[in-house]
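# Coordinate analysis (summary)
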Amino acid sequence: MRKIWFVLLALFVAFPASSTSTYADSVKTKAEASVTKSNVTVNGKTIRLSGFNIAGSNYYSLRDISKHLSGTTSEFDVIWNTKTNAIEIVKEQPYTPDDSIKQKSYSSNKSYTAILSNAKVIVNGAPQQLKAYNIDGSNYFQLRDLAAQIPFEVEFDESSDQINIFSKAVENTYRANVTSIINDNVVSSEFPRWKNPILSYLNHNADQTVTVVEANQGVTIETYNTDFELIENHKVDFELPLFGGFYSGKTYNYIAFGQDNKEENDDKEVIRIVRYDKISSEWIVCRSKVEKALL
């Protein structure tokens, strides 16, 4: 009788454990997915990135991420190894398009089935544990998991529901949060008859801070401390319709404004140089002197 009791007890323990394991596996391997509504930017530019929300987290197509990071310091290529059933990620290599993969469209009003991918992930020859879901033959990964491997930076702006991706900073450079649109200030050695003015300036101050000047709808003046944290932000309206340039002197800052004079009116002001006083703790805009030039 005692032996029968032990056998029954063993069966009672074994069967529930097997049933529980099967249920847990079914939950893990299959999930409902919906098209994510978050906007995505790469290095400040808005892009179209295929993504799904699965169990409260956003997952994105590995090839899409590779394509949009190609040509940056965080570029990587994706190779599917059919023999080993492995996804191979090769860092510091440009993305290689695969014409055999057709782009699919998904509706934000529907739900889709996501299956936990059993494909192995190899990064530069080393196996990695990265969770991925497969939807219609494509693998989707969480950005932060990939960011740790490639690497790149990911930030989420909750107020705008926007995901910002940044390629890794070049050696001895730092990324700073700015409040205005950043312009390209690269200048070529070619000087044609007509040339656009530089709209972006970087100035190192005597107190070791850094000032960034950007000319867009107005002139934005931002100052950063030695940790590249924003400590001051000011905006100056255009005095005339056109921005001409910025110069930082020892005591004063100068901004040049202008306007067209196609009618060749001798009485029209076409260039105005405005001087701004430098104050150690803040910028105070005061037009200390206005000069007129007639062209």
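Reference entry: report on the structure contained in this document. (Residues numbered from 1 in each chain as written. Predicted model: local features only at pLDDT ≥ 70, side-chain atom pairs only at ≥ 80, totals over all residues. Heavy atoms only, no water.)

## Digging into the pairing of strand β11 (residues 132–135)
Pairing geometry for strand β8 (residues 111–116) and β11, over two bridges, is antiparallel. Of the residues in β11, the one forming a bridge with L116 is Y133. Strand direction decides the pairing type here: β11 and strand β12 (residues 138–141), joined by four bridges, are antiparallel. Residue pairing across strands places A132 opposite F141, the latter belonging to β12. (Pairing = 2+ DSSP bridges. Helix = DSSP H or I, 4+ residues; strand = E, 2+ residues; numbered from the N terminus.)

## Re the sheet that holds strand β7 (residues 86–91)
Pairing within the open sheet is mixed, and its four strands lie in the order β6-β7-β9-β10. The strands lining the two open edges of the sheet, one partner per strand, are β6 (76–81) and β10 (126–128). The mean inter-strand angle of the sheet, taken between neighbouring strand axes irrespective of direction, is 30 degrees. As paired strands, β6 and β7 are joined by six bridges and run antiparallel to one another. Each bridged residue has a counterpart across the sheet, and for W80 the counterpart in β7 is I87. (Axes fitted to C-alpha atoms, helices over the stretch in contact; angles between N-to-C directions.)

## Some details on the pairing of β12
With two bridges joining them, strand β5 (residues 57–61) and β12 adopt antiparallel strand pairing. Note on β12: the bridge partner recorded for Y60 is F141. The antiparallel hairpin formed by β11 and β12 contains two residues in its connecting segment, where D136 sits at a positive phi of about 55 degrees.

## Describing the environment of L69
Along the chain, L69 falls in helix α2 (residues 62–69). The class for L69 is buried, based on a relative accessible area of 1%. Counting along the chain gives 83 residues from L69 to F152, while the straight-line C-alpha distance between them is 9.2 Å. Beyond its immediate stretch of four places on either side in the chain, L69 contacts V42, S74, E75, F76, F152 and I165. (Buried < 20%, exposed > 50% of the residue type's maximum accessible area, 1.4 Å probe, protein only. Contact = heavy atoms within 4.5 Å.)

## Regarding the sheet that holds strand β2 (residues 39–42)
Reading across from one edge, β3-β2-β14-β13 is the order of the four strands in this open sheet, with mixed pairing throughout. Both outer strands of the open sheet, β3 (45–47) and β13 (152–157), are each paired with one neighbouring strand and no more. Geometrically, the sheet is characterised by an average inter-axis angle of 30 degrees between neighbouring strands, direction not taken into account. In this sheet, strand β14 (residues 162–167) lies alongside β13 in antiparallel orientation, the contact comprising six bridges. Note on β14: the bridge partner recorded for F152 is S167.

## Observations regarding the environment of R275
By the element assignment, R275 lies in strand β21 (residues 271–278). Between the alpha carbons of R275 and Y254 there is a distance of 4.6 Å; along the sequence they are 21 residues apart.

## Some remarks on the side chain of T209
Tracing the backbone through its elements, the reader meets T209 in the loop between β15 (200–204) and β16 (210–215). A residue is classified by how much of its surface remains accessible, and T209, at 10% relative accessible area, is buried. At 2.6 Å, the side chain of T209 and the side chain of D207 are in polar contact. Apart from the residues lying within four places of it in its own chain, the contact partners of T209 are N203, H204, T223, Y224, N225 and I231. (Polar contact = N/O pair within 3.5 Å; in protein donor to acceptor, adjacent residues only side chain to side chain.)

## With respect to the pattern of salt bridges
Here the structure, examined in full by the defined rule, presents four salt bridges. The partner of E263 in a salt bridge is K268, and the shortest N-O contact between them spans 3.2 Å. Through salt bridges with shared partners, a single ionic network connects E239, E269 and R272. (Salt bridge = Lys/Arg side-chain N within 4 Å of Asp/Glu carboxyl O.)

## Some points on the nonpolar core
By size, the foremost hydrophobic cluster in this structure holds 26 residues, and its most contacted members are I65 and F152. Elements represented by at least two residues in this core include exactly β2, α2, β6, β7, β9 (120–123), α3 (143–149), β13 and β14. When residues no more than four places from it in sequence are discounted, the contact partners of I65 are L49, Y60, F76, L143, L146 and F152. (Core = buried A, V, L, I, M, F, W, Y, C linked by side-chain atoms within 4.5 Å.)

## Considerations on unusual backbone geometry
The amide bond that connects I150 to the next residue, P151, takes the cis arrangement and shows omega of 0 degrees. Secondary-structure assignment places P151 in the loop between α3 and β13. Although it is not a glycine, A55 adopts a positive phi angle of roughly 55 degrees. If you trace the backbone, A55 turns up in the loop between β4 (51–54) and β5. A relative accessible area of 73% places A55 in the exposed class. Of note, Q208 is a non-glycine position whose phi angle comes to about 75 degrees, a positive value. With respect to the secondary-structure elements, Q208 resides in the loop between β15 and β16.

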